[in-house]
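One-letter residues, chain by chain:
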Amino acid sequence: MTLTDVVLVRPGVYHDSVALMRVSRSMRELPGMEVALVAMATELNLALARDLGFELPAAGPGDLLVALRGRDLEGAAEELDRRLAPLSGARAREAGGGGEQPPRTTRSAARQPADLVLVSVPGEHAFAEALDAVLAGLDVMVFSDGVPVHQEVLLKRLADERGVLVMGPDCGTAVVAGVGLGFANVLRPGPVGVVAASGTGAQQVTSLLDLAGVGTGHVLGVGGRDLSAEVGGRSTLRALRMLDDDPATELIVLVSKPPDPSVAGAVREAVAGLGTPVVTAFAGERDLTAAAEEALRALGRPVPAWPRWPAGPPAAGTHGSRPEGRDEPRPAGRNGSRAEGERGGRLLGVYAGGTLCTEARLIAGRGEFTDYGDDAYTRGRAHPMIDPTLRLEALSRAEPGDVVLLDVVLGHGADPDPAAALAPALARCPATAVVALVGTEGDPQGLHRQAEALARAGATVFASNAQAARYAKDAR
């Protein structure tokens, strides 16, 4: 049966991009479906559809674009409508309740009582929305990526003048007064405040603290470029002062990818002047697990054995975890021997989190590491914490003798069941598999359920990315 294309444009129909990416993914899973793109008809998405070989009618960014290719597409449009229906219902409910039109812009929303604005629009439009929030005297979290650095610098300079905080751009993780925004783990409340120029770095530290019984009050993301020479750490310095002024914050953890040396020096000087103790975790200086352990010691709490799940079915009564000691296990091949690791294959880092990838690469010292959450891989598609497609393709290219190291990040906003797609791929993968599983026991995906599914598929699973990286390094 030959492939057939179906292209639909629905004028004026708008849905959130992340929700549409989930619909695209679910449509691709239909029998016979080869390509499914359901997205707003932005220039980027139109170009993506043309690159896929679709012939497109005229459409604009306010229209919904549907491009399907497959065999036997009869009924695909009806199936699409069924999957879009919950999104349309949600919008109708949002518009209901007294008939008042909800605000359509940041400027109009800022006229209502608010403390924080969350901006999640295509990157080329994010500056204008964030600027309106800053000018209204509101803190703003910019989830959008693709914002030019000169716009980020201007936003943060204006925020300094008005005494507000700009979180981002490309701030994917935050917790404000216990409320998670973006990709966020379910954390117990507590005395730790985090300033993070790294989303998954913050998730690793706070998840380990949570597993150790220590809670977190705030995670203030500042965007991955904040500690660059261009931006100068403006939001980091403001966020540190805000947490220092918070009487409920007893300890601050500062997490970042490798900072610009001069900016790091300025930040250290500012830290020295704070009344609240600060633990720093700059990539390349200290791994995230060591930072979490230092935070525990600073709070007078014991450092536990971090959970790990050996490859294979869990032993009876252990629920899969083995907190029996702090010595890291001896690496083994898929069948419990070192045979495959001793063949000297490649070490492949297949990551969704940028800081986790950087940390693993620095610990391993060698290997081929790819951050599939980088902008180069997420243009026109969902983040790999939602859409595993690119990482599944990478696993399919692994060879016998290779060691594959990957992260799986749980929490709100992430894939509701990452093991459902990754475990079968790991079971088919001929390489030795090692997983860093970042999450808490409160996360909706179920930390132990995910770990056991990945372990049954043949992966050795660690709650600590640093421990996983060392294990993978030795397994090779």
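The structure reproduced in this document is the subject of the present report. (Residues numbered from 1 in each chain as written. Predicted model: local features only at pLDDT ≥ 70, side-chain atom pairs only at ≥ 80, totals over all residues. Heavy atoms only, no water.)

This part is about the sheet that holds strand β4 (residues 116-119). Hydrogen bonds between backbone groups are what pair the strands of a sheet, and the pairing can be parallel or antiparallel. Ordered in space as β4-β5-β6, the three strands form an open sheet in which the pairing is parallel. Only two strands of the sheet have a single neighbouring strand rather than two, namely β4 and β6 (166-167). By the bridge criterion, four bridges tie β4 to strand β5 (residues 139-142) in an arrangement that is parallel. Counterpart to leucine 116 in the pairing with β5 is aspartate 139. (Pairing = 2+ DSSP bridges. Helix = DSSP H or I, 4+ residues; strand = E, 2+ residues; numbered from the N terminus.)

Within the structure shown, the criterion is met by four aromatic pairs. Geometrically, the ring pair formed by phenylalanine 143 and phenylalanine 183 is tilted, given 6.3 Å between the ring centres and 40° between the ring planes. On the criterion of sequence distance, the pair formed by phenylalanine 143 in the loop between β5 and α6 (149-162) and phenylalanine 183 in the loop between β8 (179-182) and β9 (192-197) is long-range, its members being 40 residues apart. Here phenylalanine 143 falls in the partly exposed class, since its relative accessible area comes to 25%. Considering the side-chain rings of phenylalanine 462 and tyrosine 471, the 5.2 Å spacing of their centres and the 55° angle between planes classify their relative orientation as tilted. Accessibility expressed as a relative area gives 0% for phenylalanine 462, which makes it buried. (Phe/Tyr/Trp six-rings, centres within 6.5 Å; stacked < 30°, edge-to-face > 60°. Buried < 20%, exposed > 50% of the residue type's maximum accessible area, 1.4 Å probe, protein only.)

Time to look at empty space enclosed by the protein. One pass over the full model with this rule turns up four cavities of 30 Å³ or more. Considered as a void within the structure, the largest cavity measures approximately 90 Å³ in volume. Lining of the largest cavity is provided by 13 residues; of these, Pro384, Met385, Arg391, Asp415 and Pro418 occupy positions nearest its centre. Along the lines of polarity and charge, the residues of the lining of the largest cavity split into ten nonpolar, no polar and three charged. One number sums up the size of the second largest cavity: a volume of about 40 Å³. When residues of the lining of the second largest cavity are assigned to their parent elements, the largest contribution, three residues, is made by helix α13 (residues 389-396). In terms of residue class, the lining of the second largest cavity is made up of five nonpolar, one polar and three charged. (1 Å grid on protein atoms, 1.4 Å probe; cavity = no way out; pocket = protein on both sides within 12 Å on 5 of 7 lines; lining within 4 Å. Points joined across faces, edges and corners; volume = space filled by probe spheres on them. Nonpolar A, V, L, I, M, F, W, Y, C, P; charged D, E, K, R; others polar.)

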